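Observations on the model geometry
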Amino acid sequence: MFQRITIAFFALFITTISYAQTDARIEVVKHNHVALHVKDIAASTKFYKEVMGLEPVAVPDSLKAIRSWFKLGTDQQIHLLAGRDFDVKNDRNGSHFALFVISITAAEKYLTQHKMSFHKQVRFDGAVQIYVADPDGYLIELNEVKR
């Protein structure tokens, strides 16, 4: 057991040294897009366009049958990729993505009027959050943008 711990520590030490000896580095400046693998591209496209109100982004003609892209704000996007053949397991304490909305009250009213299920909660800092699932089960957290 001691020998395995010693070897693991030595491997971590050597790896750390090798990363530290380079001047090159990854310098992330912002988020570009999130890609979601979807089962039914038409149903998911309809959801993100009509329910979420996202503006479509032009997709090359050769990809229109298997891709759908949407704007998120000024320069970020969601890309839908056709062909999902696995179950999606998301929950609000695990895998999900979060979007800002202008009014959480208006979002709740919309979801209620359209008889869509959602979970509403108050975060530790007092912010109200709503969680809604897309047609594939990807969980979307909605937060009101602070003004």
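In the block above lies the structure referred to throughout.
Since we're looking at a predicted model, the values are computed, not measured.

1. Let's talk about the packing of aromatic side chains
- In this structure the tally under the stated criterion is two aromatic pairs.
- With 5.1 Å between their ring centres and 85° between their planes, F47 and Y48 make a pair best called edge-to-face. For the pair F47 and Y48, a shared accessibility class is recorded, and that class is buried.
- One aromatic cluster is present, built from ring pairs that chain together F47, Y48 and F70.
- For R84, the ring lying beneath its charged end belongs to F86, and the centroid distance is 5.9 Å.
- One cation-aromatic arrangement involves R123 over F124; the distance from NZ or CZ to the ring centre is 6.0 Å.

2. Quick word on the nonpolar core
- Grouped together as the largest cluster of nonpolar side chains are 23 residues, with contacts concentrated most on L36, Y48, M52, I78, L80, I140 and L142.
- At the level of elements, β1 (33-38), α2 (41-51), β3 (67-72), β4 (76-82), β5 (97-101), α3 (104-113), β7 (128-133) and β8 (139-144) are the ones that each hand at least two residues to this core.
- Domain assignment of the residues forming this core places at least three in each of domain 1 (32-85) and domain 2 (87-146).
- If we ignore the near neighbours within four places in the chain, the residues touching Y48 are L36, G53, L54, F70, I78, L80, F97, D134 and I140.

3. Regarding the environment of I102
- Within the secondary structure, I102 sits in the loop between β5 and α3.
- Note on I102: relative accessible area 61%, which makes it exposed.
- Sequence separation of I102 and E144 is 42 residues, and the distance between their C-alpha atoms is 5.7 Å.
- Those residues within four positions of I102 in sequence are excluded, and the remaining contacts are E144, V145 and R147.

4. Here we look at α2
- Within α2 the residues assigned to the buried category are I41, S44, F47 and Y48. Along the long axis of α2, the arc covered by the buried residues comes to 130°, so they all point the same way. Exposed positions of α2 whose direction lies more than 90 degrees from the buried face are A42 and E50.
- Here the buried face of α2 lies against β1, β3, β4, β5, β7 and β8.
- Backbone nitrogen of A42 and a side-chain oxygen of the N-cap are separated by 3.1 Å at the start of α2; the cap is D40.

5. Considerations on the environment of K39
- Residue placement: K39 occurs in the loop between β1 and α2.
- Each C-alpha atom of the pair K39 and D87 lies 9.6 Å from the other, and the pair is 48 residues apart in sequence.
- Among residues more than four places away in sequence, those in contact with K39 are R84 and D136.

6. A closer look at the sheet that holds β8
- Read from one edge to the other, the open sheet built from four strands follows the order β5-β8-β7-β6, with strand pairing classed as mixed. This sheet does not close on itself; its edge strands, each paired only once, are β5 and β6 (119-122). Taken over all neighbouring pairs, the strand axes of this sheet differ in orientation by 25° on average, direction set aside.
- The sheet contact formed by β5 and β8 spans five bridges and is parallel. Each residue of the ladder has a partner; that of F97, found in β8, is I140.

7. Some remarks on the environment of S44
- Counting through the fold element by element, S44 comes out in helix α2.
- For the pair formed by S44 and A82, sequence separation is 38 residues and the distance between their alpha carbons is 9.4 Å.
- The residues touching S44, leaving out its near neighbours within four places in the chain, are V38, L80, P135 and D136.
- Among the polar contacts listed, one links the side chain of S44 to the side chain of D136, at a separation of 2.9 Å.

Parameters and conventions
- Residues numbered from 1 in each chain as written.
- Predicted model: local features only at pLDDT ≥ 70, side-chain atom pairs only at ≥ 80, totals over all residues.
- Heavy atoms only, no water.
- Phe/Tyr/Trp six-rings, centres within 6.5 Å; stacked < 30°, edge-to-face > 60°.
- Buried < 20%, exposed > 50% of the residue type's maximum accessible area, 1.4 Å probe, protein only.
- Lys NZ or Arg CZ within 6 Å of the ring centre and 35° of its normal.
- Core = buried A, V, L, I, M, F, W, Y, C linked by side-chain atoms within 4.5 Å.
- Helix = DSSP H or I, 4+ residues; strand = E, 2+ residues; numbered from the N terminus.
- Domains from an automatic or database assignment.
- Contact = heavy atoms within 4.5 Å.
- Arc of directions from axis to C-beta.
- Polar contact = N/O pair within 3.5 Å; in protein donor to acceptor, adjacent residues only side chain to side chain.
- Pairing = 2+ DSSP bridges.
- Axes fitted to C-alpha atoms, helices over the stretch in contact; angles between N-to-C directions.

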